Number of protein chains: 2
Amino acid sequence: MNEKKPCDLLISGDVVLPMTSGLPELADSAVAVVDGAIAEVGTAADLRTRWEPGDEIRGGVVLPGLVNTHGHAGMTLYRGLGDDMPLEKWLHEFVWPAEKLFATEENVAAGTQLAIAEMLASGTTCFADMYFFQQRVGDVASACGIRTLLGQAVIGFPVPGCPTPEHAFEKVRALHERFAGNPLVDTSMALHAVYTLTPELLARGAEVADGLGIPLQIHVSETETEVRNCRDEHGLTPPALLNRTGVLRRGTICAHGVHLTEDDVALVRESGAGVSLNPESNLKLASGIPDIAGLLAAGIPLGLGTDGAASNNDLDMWDSVRLTALLPKGVTRDPEVVPAGAAVRLATAGGAAVLGMADRVGRLAPGMRADLCVIDTDAAHLTPLYHALSHLAYATHGSDVIHTVVDGRVVYRDRVHTTLDLESTKNEVRRIAAKIAVGV
Amino acid sequence: MNEKKPCDLLISGDVVLPMTSGLPELADSAVAVVDGAIAEVGTAADLRTRWEPGDEIRGGVVLPGLVNTHGHAGMTLYRGLGDDMPLEKWLHEFVWPAEKLFATEENVAAGTQLAIAEMLASGTTCFADMYFFQQRVGDVASACGIRTLLGQAVIGFPVPGCPTPEHAFEKVRALHERFAGNPLVDTSMALHAVYTLTPELLARGAEVADGLGIPLQIHVSETETEVRNCRDEHGLTPPALLNRTGVLRRGTICAHGVHLTEDDVALVRESGAGVSLNPESNLKLASGIPDIAGLLAAGIPLGLGTDGAASNNDLDMWDSVRLTALLPKGVTRDPEVVPAGAAVRLATAGGAAVLGMADRVGRLAPGMRADLCVIDTDAAHLTPLYHALSHLAYATHGSDVIHTVVDGRVVYRDRVHTTLDLESTKNEVRRIAAKIAVGV
């Protein structure tokens, strides 16, 4: 007699994409979840003979949850407030002054919660944050049931919540302690950039992070101006300066990497650091187009990100997937470069590896934590369906996500949030935005 | 006493964007429609004192319906069937063989109806088609209540429904006659390209179209290969050859224009022809990146298009809007080039002008036909709302459209089609696709 075992959740789909090396698209398949972890992946018929699910969800395509490797969640407050200007002008004349006035802990928490609502609704199950008030961000993320890599921003001038970089280092230590053992929250240190930190502070940050055994995040070679100024001031490119100061090392998350030289690419590859690609933000801020095909060919760990909503202007990772598949084709004139599957891989398994979570999320395999999303393929724009990966890269938008699961918990079911009140989340941000609109 | 006049429909929004020169965003405003035409645009409070509406719809942002200036509607049948290969290979080894087997009149009608469902649901109110069986396409479009510019494809070899180009010319004459007086259907002649038609056939096509007083559509300088081969064979660039054969003239719609020389740009500008930009298709097929900023600066009439769903892979004009605003910034490194409003203008008023319909659609002004769409701005990813145009260019997707109106008729209301049965439309295409999947 075949006795069925109980499982907490069974997620079935017309197609399951494990994104494990070698495993293809699985038709009419399912994922069984026990205690927040994936217990089995296989055909739905098979799994039903072995598992008795306590709960079930289903849809068209089941795939690992998307991993957003770079962003500033709290910046949803400034979504669309200032567009069509260069990064440096945008930072100095707009973002930093606005944050001085409005980046209070309460406001950052409200903006972060809206970001989380948007991310969960579009299939993102994990995000790296680089911003202020990270203890509060960790609390909000935990409450909303999304996985996060916190990144307390370290900048060489007074920022919200941190009068000095030493205060920021202290905060990082406190974060690391507070969230130790929290299954959803990892801690990193987010050094802002070479143009906002002295080499001494960069080295000091690397040392503190090293002592805690946590990864570093940093903006790297985002604009030509950054690279030119770094060369002028230090005689080195940003990656070379980061290498000299100990910041560029295994586990470090280099955001952007739009203007890397050949030597930079070799240096990053040797270091074991990963790169978070944010092509939409780079276009919008006119920073340029990252050499996605070149970085991929160099074998550098790559993930995708949205950057903050103030420079994107949404947190829809599917746009990042699409641009990652499309831009290299237009630039190189090679239509076979970065095929659909490669772009989806970067958004899932790739991003998990860049955030140091490859052993936990990014693929659907037994033993992994159950972070996944389910796509409703019934829409006109996804009809007919020949190849799931093609639709994911070239026709899917965030609104096609129907369910999202993080750590085995259904946090978004039938397009409704189960862990947050969407209306009050939006209204709180609208209330703050009304003040910002007058104040900036 | 103020006596109210009856109007058929009142469309109100938190913001109305007339897209007329000089008129800014109008807050809390509305559009009154009488007999399919716009009777008045103004504040909602004002309009309510003057009009007694028979029907009402409302939403966040009201703007002119999007005009899709280039596509092959019937090709939704092949959506995602063949990706990640160059245009020439894709045409010769895939599209044309597949069409030989499956582009029957019935199948093209089914694929077209699915395309129309997708377009109406994402705010597109008018599309230029370039494909086969255009009489049937005109009938389907009329029945579904979408505006269209038919374009019977003329190619120098036997194609579905047309054994010779002369047959195609005959079909164009018949189309012109059949749809004369149809308020939703205009007719054009769609010469395929310089690489599929001899100079004699190009000239003959121009002559026939001239006799009928209808515009020409043609693919122009889409790939480097097309330009190189044209130079090798004729000693001229495609625009120069089209100029010599009489095809390049006022009203001609040049699709793509990715590889135009400086002389080409001058030639197109002098001719009065318009260009349909299809940046997403150009990226996907690795054709390149059109010089959108340059063409805009040259003062050439520009519209946006999606191209067919086999090379995009959806018909969401908002992706075209976004890429039109983003790509030139990344390429030129100038964040102020093609601002949000300019991209939205190309998708509406710009496209209407390119299709020769500027006197009827593309702007919200008294006397214009009532073609418009309404955006639901309540979603997390559109919160907060500071500037409507910013959201339209950088954060809106097709799924944010809540109502679509064509010629005064609400064809999509509260996200439901009123003129077609979506389920049977999708199922019919799935039935055909099941055969294609086996047959190709």
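Use the structure listed above.
Below: a short report on this structure. Predicted model only: the values in this text are computed from it and were never measured.

Calculation notes
Residues numbered from 1 in each chain as written. Chains lettered and ligands numbered in written order. Predicted model: local features only at pLDDT ≥ 70, side-chain atom pairs only at ≥ 80, totals over all residues. Heavy atoms only, no water. Least-squares fit on C-alpha atoms with pLDDT ≥ 70 in both. Contact = heavy atoms within 4.5 Å. Pairing = 2+ DSSP bridges. Helix = DSSP H or I, 4+ residues; strand = E, 2+ residues; numbered from the N terminus. Expected span 1.5 Å × (residues − 1). Buried < 20%, exposed > 50% of the residue type's maximum accessible area, 1.4 Å probe, protein only. Buried area = accessible area lost by both parts, 1.4 Å probe. Salt bridge = Lys/Arg side-chain N within 4 Å of Asp/Glu carboxyl O. Polar contact = N/O pair within 3.5 Å; in protein donor to acceptor, adjacent residues only side chain to side chain.

## Observations concerning the relation of the copies chain A and chain B
Argument step 1. Mapping chain A onto chain B leaves a residual RMSD of 0.0 Å; the transformation is a rotation of 180° accompanied by 0.0 Å of translation along its axis. Given the turn and translation reported, the copies of this chain are related as if by a two-fold rotation axis. Proximity to the rotation axis, assessed at the C-alpha, singles out S399(A) in chain A; its C-alpha lies 3.4 Å from the axis.
Argument step 2. The fraction of interface residues of chain A whose copies in chain B are also interface residues reaches 100%, indicating that both copies meet through the same surface.

## Some details on the sheet that holds strand β6 (residues 56–64) of chain B
All names here are of chain B.
Argument step 1. Strand order in the open sheet formed by 8 strands is β4-β3-β2-β6-β15-β16-β17-β18, with mixed pairing between adjacent strands. Each edge of the sheet is formed by a strand with only one pairing partner; in this case those strands are β4 (37–43) and β18 (416–417).
Argument step 2. As judged from the 4 bridges shared by strand β15 (residues 372–375) and strand β16 (residues 401–406), these two strands associate in the antiparallel manner. By the bridge assignment for β16, V374 is matched with H403.

## Quick look at helix α13 (residues 340–354) of chain B
All names here are of chain B.
Argument step 1. Relative to the 21 Å expected for 15 residues at 1.5 Å per residue, α13 spans 20 Å between its end C-alpha atoms, a close match to the ideal helical length.
Argument step 2. A340, A343, V344, L346, A347, T348, A349, G350, G351, A352 and V354 are the residues of α13 that are buried.
Argument step 3. Downstream of α13 by one or two residues, G356 has phi in the positive range, about 75°.

## A look at unusual backbone geometry
Argument step 1. Cis geometry is adopted by the peptide bond preceding N313(A), which originates at N312(A) and carries an omega value of 10°.
Argument step 2. With respect to the helices and strands, the residue N313(A) is situated in the loop between β14 (302–304) and α12 (317–332).
Argument step 3. Phi angles above zero are rare outside glycine, and S221(B) is one such case at about 50°.
Argument step 4. Here S221(B) lies in the loop between β11 (216–220) and α7 (224–234).
Argument step 5. For S221(B), a relative accessible area of 0% puts it in the buried group.

## Notes on the interface of chain A and chain B
Argument step 1. Counting residues at the interface gives 65 residues for chain A, matched by 65 residues for chain B.
Argument step 2. Interface area for chain A against chain B, summed over the two sides, is near 4,800 Å², with a carbon-plus-sulfur share of 59%.
Argument step 3. Contact with chain B buries area across many residues of chain A, yet D84(A), R333(A) and Y386(A) alone supply 15% of it, more than any other trio.
Argument step 4. Inspection of the region where chain A meets chain B yields 14 salt bridges.
Argument step 5. In this structure, R430(A) engages D378(B) in a salt bridge whose closest nitrogen and oxygen atoms are separated by 3.0 Å.
Argument step 6. Joining chain A to chain B, the criterion identifies 35 residue pairs in polar contact (both at pLDDT 80 or more).
Argument step 7. Elements with a contribution of two residues or more to the side of chain A that touches chain B: α3 (105–121), α10 (279–284), α12, α14 (388–394) and α15 (422–439) of chain A.

## Remarks on the pairing of strand β4 (residues 37–43) of chain A
Residues and elements named next belong to chain A.
Argument step 1. For β4, the tally of buried residues reaches 5 of 7 residues, placing the bulk of the element in the interior.
Argument step 2. Alignment of strand β3 (residues 26–34) against β4, held across 6 bridges, turns out to be antiparallel. From the neighbouring strand, A30 faces β4, where its bridge partner is G42.
Argument step 3. Between β3 and β4, which pair antiparallel in sequence order, lie 2 residues; one of them, D35, sits at a positive phi of approximately 50°.

## Regarding the pairing of strand β3 (residues 26–34) of chain B
Argument step 1. In this structure, strand β2 (residues 9–16) of chain B lies alongside β3(B), joined through 7 bridges in antiparallel fashion. Among the inter-strand pairings, G13(B) is bridged to a residue of β3(B), identified as S29(B).

## With respect to the side chain of E118(A)
Argument step 1. Relative to the helices and strands, E118(A) resides in helix α3.
Argument step 2. A distance of 2.8 Å separates a polar atom in the side chain of E118(A) from a polar atom in the side chain of R79(A).
Argument step 3. Excluding its chain neighbours within four sequence positions, the residues that come into contact with E118(A) are R79(A), D314(A), L315(A), D316(A), A380(B) and H381(B).

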